[in-house]
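These are the residues of each chain, in order.
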Amino acid sequence: MISQNALHHAEKCRFCWMCRHLCPVQHQTGKEINTPRAKGLLLSMVNKGEQSFDKDMAQAMYECLLCDACTNDCATGYQPPLFIREARTEAVVNELAPEAVMTLIDNVLSTGNLYGVEKPSFGQDGTDVLVYIGEVAAVKVPEMAKNLLAVLKKAGVSAKVLDKEPASGVMLGDLMGYTEEVRQQAVACAEAINAAGLPVVVLDSYDAEIMKQKYPEWGCEIKTDVVTATAYVAGLLEQGKLEAKAARGVKGACHDDDRLARTFHEFAPIRAMAKAAGYEACEMFNHEKLARSCGTAVAYGYMPQIVEKIAASRWEDLERVDCAAMLVANPQAYLCLSGKIPEGCALVDLFGALV
């Protein structure tokens, strides 16, 4: 059952068109059903008994990145992802979720990651900070993880990585809502992190979000400082523990990933990293809190064609400002943007650029 709080948001959103122009999925599909308003209207009809929750409706609820662009722009404070996430719970419980989604859920439940494989070991047993790599970086973008560890070593920071790093719960939470299975993953992850007893540097902002926002609600708060990798590295630069690179003579624009931008409102650190890496800064039209999503690892897993189109539109944003380098510091952004890099452009891992 959808909660009364979520239904309240759905009932309000069904009357409003004001965020429809911001939805990256709707931009690519051209379908009205992909707007937050339409999803709110569907749930309102179910609540009033005018329509049953079926597979088509479940499919619509998964055609969303949970990027929060709609919430960020809402002048009245309503949150479409709140009722969309709960609708996904309804879809899974009633066995209506798309088959590709169920495959991802089974992978996470059985192996702790989207990809159904064992996470590689990074062989780090330092004593200063614990680096939480996350499943996307560990399995799909391991070079970014290695580059972050190399940057920390260069700055004299002794880093530890958990040998069997547990899932944070964020991927499962995006796939099926905040269920008990997600909370159990969070508890196990928090226990493993707390046992290390070190400050935590989190590479993927999606993992950082659930750790900082949901863990305290679920009674499994991490007992040490939790900081994003971008903020931590920017702090090392500010302290003079890392040297800036010489100017490259290349214009680069930072891509603000969804949750770093709209959950943490963290914009300065990635730009400090870009400057220290020697890039000439420029800005895409949609940046910081208004940054357009380039897709997510979860969505890439079950609707890859749509995510590839969304990522391509972000490359178009870069080319419109006559920039040659897309600068990223998030493994999910790197994964989505790496699918098809336009000729003459470069996708740059900023951790690697600082090594």
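Residues numbered from 1 in each chain as written. Predicted model: local features only at pLDDT ≥ 70, side-chain atom pairs only at ≥ 80, totals over all residues. Heavy atoms only, no water.

(A) Main features of the sheet that holds strand β4 (residues 226-228). The four strands lie next to each other as β2-β1-β3-β4, forming an open sheet whose pairing is parallel. Every other strand in the sheet has two partners, leaving β2 (159-160) and β4 as the edge strands with one partner each. (Pairing = 2+ DSSP bridges. Helix = DSSP H or I, 4+ residues; strand = E, 2+ residues; numbered from the N terminus.)

(B) The arrangement of the packing of helix α1 (residues 4-13) against helix α6 (residues 80-93) in detail. Two elements in contact, α1 and α6, have axes separated by 8 Å at closest approach and are oriented at 120°. Considered as vectors, α1 and α6 are oriented oblique to each other. At the point where α1 passes α6, the crossing takes the left-handed sense. For the pair formed by α1 and α6, the contact residues are Asn5, Ala6, His9, Ala10 and Cys13 on the first element and Pro80, Leu82, Phe83 and Glu86 on the second. Here the residues of the contact of α1 with α6 sort into six nonpolar, two polar and one charged. (Axes fitted to C-alpha atoms, helices over the stretch in contact; angles between N-to-C directions. Parallel < 35°, antiparallel > 145°, perpendicular 65-115°, else oblique. Left-handed = near helix turned anticlockwise from the far one by under 90°. Contact = heavy atoms within 4.5 Å. Nonpolar A, V, L, I, M, F, W, Y, C, P; charged D, E, K, R; others polar.)

(C) Inspection of the packing of aromatic side chains at higher detail. Under the counting rule described, the total for this entry stands at two aromatic pairs. A centroid spacing of 5.7 Å and a plane angle of 85° characterise the contact between Tyr62 and Tyr302, whose relative ring orientation is edge-to-face. In this pair, Tyr62 is assigned in helix α4 (residues 55-62) and Tyr302 in helix α16 (residues 297-302), connecting sequence segments 240 residues apart. (Phe/Tyr/Trp six-rings, centres within 6.5 Å; stacked < 30°, edge-to-face > 60°.)

(D) Fine view of the nonpolar core. Core analysis: the biggest nonpolar cluster contains 122 residues, and Val131, Leu175, Ile193, Met211, Tyr215, Tyr302 and Phe351 have the highest contact counts within it. Excluding anything up to four places from it in sequence, Tyr302 contacts Tyr62, Cys64, Arg88, Ala100, Val101, Leu104 and Leu175. (Core = buried A, V, L, I, M, F, W, Y, C linked by side-chain atoms within 4.5 Å. Buried < 20%, exposed > 50% of the residue type's maximum accessible area, 1.4 Å probe, protein only.)

(E) Region of interest: the side chain of Asn286. With respect to the element layout, Asn286 can be found in the loop between β6 (280-282) and α16. Apart from the residues lying within four places of it in its own chain, the contact partners of Asn286 are Ala291, Arg292, Arg314 and Asp317.

(F) Broad picture of the sheet that holds strand β5 (residues 251-254). Read across the open sheet, the four strands follow the order β6-β5-β7-β8; overall the sheet is parallel. Edge positions in the sheet fall to β6 and β8 (346-349), since each has one partner strand and no second. For this sheet, the mean angle separating the axes of adjacent strands, direction not counted, is 40°. As paired elements, β5 and strand β7 (residues 325-328) share three bridges and run parallel to each other. When the bridges of β7 are listed, Ala253 appears paired with Met326.

(G) Fine view of helix α3 (residues 36-47). Taking 1.5 Å as the rise per residue, α3 with 12 residues should run 16 Å; its terminal C-alpha atoms sit 17 Å apart, in good agreement. All buried positions along α3 are accounted for by Pro36, Ala38, Lys39, Gly40, Leu42, Leu43 and Ser44. Its buried side turned inward, α3 meets α1, α4, α5 (69-73) and α6. Just beyond α3, the residue with positive phi is Gly49, at close to 75°. (Expected span 1.5 Å × (residues − 1).)

(H) Focus on the environment of Ala60. By the element assignment, Ala60 lies in helix α4. Relative accessible area serves as the criterion here: at 3%, Ala60 is assigned to the buried category. Between the C-alpha atom of Ala60 and that of His287, which follows or precedes it by 227 residues, the distance is 27 Å. Ala60 has contacts with Ile33, Lys39 and Leu42, leaving out every residue within four places of it along the chain.

(I) Spatial organisation of the state of the cysteines. Counting across every chain of the model gives one disulfide. A sulfur-sulfur distance of 1.9 Å marks the disulfide that ties Cys282 to Cys323. Between Cys282 and Cys323 the sulfur-sulfur dihedral comes to about -115°; the bridge is accordingly left-handed. One end of the pair, Cys282, is in strand β6; the other, Cys323, is in the loop between α17 (304-320) and β7, with 41 residues separating them in the sequence. Overall, the relative accessible area of 6% leaves Cys323 in the buried class. The thiol of Cys220 is unpaired, and the distance to the nearest cysteine sulfur, on Cys189, comes to 8.6 Å. The exposure class assigned to Cys220 is buried, which follows from its relative accessible area of 8%. Lacking any disulfide linkage, Cys336 is separated from the closest cysteine sulfur, that of Cys294, by 5.1 Å. Classification of Cys336 as buried rests on a relative accessible area of 2%. (Disulfide = S-S within 2.5 Å.)

(J) Representation of the pattern of salt bridges. Within this structure, the stated rule accounts for 18 salt bridges. Where Glu209 meets Arg259, a salt bridge forms, and the shortest distance between an N and an O atom there is 3.0 Å. With Glu209 in helix α12 (residues 205-213) and Arg259 in helix α14 (residues 258-262), this pair connects stretches of sequence that are 50 residues apart. The residues Glu209 and Arg259 share a single accessibility class, namely buried. Connected through salt bridges with shared partners, the residues Arg292, Arg314, Glu316, Asp317 and Arg320 form a single ionic network. (Salt bridge = Lys/Arg side-chain N within 4 Å of Asp/Glu carboxyl O.)

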